[in-house]
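Below, each chain spelled out in residue letters.
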Amino acid sequence: MTPLRAPLARYAERLHRAAGDTHHVASPLGAWLLLALTGPAATGETRAALAEALDVDPDDAAAEARALLAAPHPMVAAATALWERAPAAELAAWRAALPASTERGPLPDQAALDAWARERTGGLIDRFPVDLAPDTLLLLASALATRVSWADPFDTAPGTELGAGSAWSGRLSRVLRTPPSGHRCWVAATDRAGDVAVHAVPAQTGDDGAGMLVVSVAAAPEVPAADVLAAAQELASVAALIPDSTPDRRSLYDLPLDETPLWTVREEPFQTYAADARLERTTAVLPCWSARSRHDLTAPGFGFDAAARAFGELLGLTGPGFDAAQSAVARFGRYGFEAAAVTGSFTVTSAPPERVARIAELRFGHPYAVVAATTDPAGGPWHALPVYSAWVADPEELPADDAG
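Residues numbered from 1 in each chain as written. Predicted model: local features only at pLDDT ≥ 70, side-chain atom pairs only at ≥ 80, totals over all residues. Heavy atoms only, no water.

> Can you help me understand the overall build of the chain in this one?
Within the chain, the regular secondary structure consists of eight helices and 17 strands. The C-alpha radius of gyration of the chain comes to 23 Å, within 12% of the 22 Å expected for a compact globule of 404 residues. For the chain, the C-alpha atoms occupy an extent of roughly 80 × 40 × 40 Å along the three principal directions. For the chain, the residues scored as buried account for 56% of the 404 residues in total. Within the chain, one finds 31 positive and 50 negative side-chain charges whose respective centroids are separated by 2 Å. (Helix = DSSP H or I, 4+ residues; strand = E, 2+ residues; numbered from the N terminus. Rg over C-alpha atoms; globule rule 2.2 N^0.38 Å. Buried < 20%, exposed > 50% of the residue type's maximum accessible area, 1.4 Å probe, protein only. Lys, Arg positive; Asp, Glu negative; His and termini not counted. Charge placed at Lys NZ, Arg CZ, Asp CG, Glu CD.)

Shown next as structure tokens:
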């Protein structure tokens, strides 16, 4: 399991908890990555504060960040940049330790920053998340972008199949249904969210077998969003780590034959010679969705206040001002998934005998969590790494062009 799994999960929980249960998308990795690059600049109490935010030693975090950027994942375009008004000699050692791929140069204007965000995200994000101040000394940025197609596209279904109890079934005429093969659907038992419905869809893989798995997790309506997102982070990491796995899966024979907001479990006859065969089949219906969010990262729990202090201490500035924010976007549809995040921080001053089979249809008919994790059969630094995550509370109609 990637050593970043635990610290990223805890950072993601802080970020999503701040966003609450509103419809949103984020890249905890994008924010964490940027913070990790600042770590070696910190000393003393500031270093301790950064270590707490990163949940790992700052030098180790920087090493992990360098490893990710040195071996890019084919499904994630990743970029970092450092711009300075005038290169300060006091930052020379820190600057020299940045990844070789980090772009460097003089501080650009706002239009150039916006262009950088557009270019590094393939047009998914058109504006840099922070505004330059007249006295900005340096600006550090990260960008992540993904566009993938499903290996097996979804079928479609009437919106009513989200269930009579779903408020979304009345507003959506068409939704997505899992195809006969290629997708994973199961009921999982989790510590944080109880029994949850899980759907995992893989993207088409690259020539080296590296890919991306997008995992949707729905819990009972009363479970807090933060707990569902935490459960989704855990399930996505394990599902991406182990091919074709269904972590924490519950047998349908352990569930009552019933209809709930999350699923319907029923029995159907099937034929087999096996004396003790217990066939289980699971499908899922879920909506299309897209989200666009901006996250303020200036609160102490995100660590960018400590990063600003680290630069201030090196530059001899007392209590330097700073700004930090992330813009993120994602779209989930019949044929694929795309997402991007730009994070910026400046210092101023996601026929045999007949037996019975148990069949379940999982319904994502109320707000649920989504986590997109990368896969790498070679076991590189990106393997099973959650890159994007979202809370889906405002689904969208299936586009007319995708309904055929």
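> Help me out: how do you make sense of the pairing of strand β8 (residues 194-202) in this one?
The two faces of the sheet receive side chains in turn, since in a regular strand these alternate between them. The sheet contact formed by strand β7 (residues 184-190) and β8 spans seven bridges and is antiparallel. By the bridge assignment for β8, Trp186 is matched with Val198. Counting the residues in the hairpin turn of β7 and β8 gives three residues. Bridge analysis of β8 against strand β9 (residues 211-218) gives six bridges, and the strand direction is antiparallel. What sits directly across from His199, in β9, is Ser216. (Pairing = 2+ DSSP bridges.)

> So what exactly am I meant to see when it comes to the layout of surface pockets here?
For the largest pocket, the calculated volume is near 320 Å³. When contributions to the lining of the largest pocket are tallied by element, the ones reaching two or more residues are α1 (5-19), β7 and α7 (225-241). Sorting elements by how many residues they give to the lining of the largest pocket places α7 first, with six residues. Across the lining of the largest pocket, the residue classes break down as seven nonpolar, three polar and seven charged. (1 Å grid on protein atoms, 1.4 Å probe; cavity = no way out; pocket = protein on both sides within 12 Å on 5 of 7 lines; lining within 4 Å. Points joined across faces, edges and corners; volume = space filled by probe spheres on them. Nonpolar A, V, L, I, M, F, W, Y, C, P; charged D, E, K, R; others polar.)

> How should I be thinking about the state of the cysteines in this particular structure?
Two cysteines, two sulfur atoms, one covalent bond between them: this is a disulfide. Under the defined criterion, the tally for this structure stands at zero disulfides. Counting only cysteine sulfurs, Cys185 is the nearest neighbor of Cys288, a cysteine outside any disulfide, at a range of 16 Å. (Disulfide = S-S within 2.5 Å.)

> Hey, could you run me through the sheet that holds β7 in this one?
Within a sheet, neighbouring strands are paired by backbone hydrogen bonds and run either parallel or antiparallel to one another. Spatial ordering of the open sheet is given by β1-β17-β16-β9-β8-β7, a layout of six strands whose pairing is antiparallel. What marks the edges here is a single partner per strand, and that holds for β1 (24-26) and β7. The average angle at which neighbouring strand axes cross in this sheet is 20°, direction not considered. With respect to the sheet, helix α2 (residues 28-38) is in contact with β1 and β17 (385-392), its orientation differing from that of β17 by roughly 130°. (Axes fitted to C-alpha atoms, helices over the stretch in contact; angles between N-to-C directions. Contact = heavy atoms within 4.5 Å.)

> Quick question: what am I supposed to make of the packing of aromatic side chains here?
Aromatic rings in a pair are described by how distant their centres are and how their planes are angled relative to each other. Taken as a whole, this structure holds 13 aromatic pairs when the rule is applied. Pairing Trp94 with Phe311 gives two aromatic rings, centres 4.9 Å apart and planes at 75°, and the pair type is edge-to-face. Highlighted residues: Trp94 in helix α5 (residues 92-96) and Phe311 in helix α8 (residues 304-315), separated in sequence by 217 residues. You'll find Trp94 and Phe311 in the same group, each marked buried. Seen in terms of ring centroids, Trp289 and Phe332 are 6.1 Å apart; in terms of plane orientation they differ by 10°. Their pairing is stacked. (Phe/Tyr/Trp six-rings, centres within 6.5 Å; stacked < 30°, edge-to-face > 60°.)

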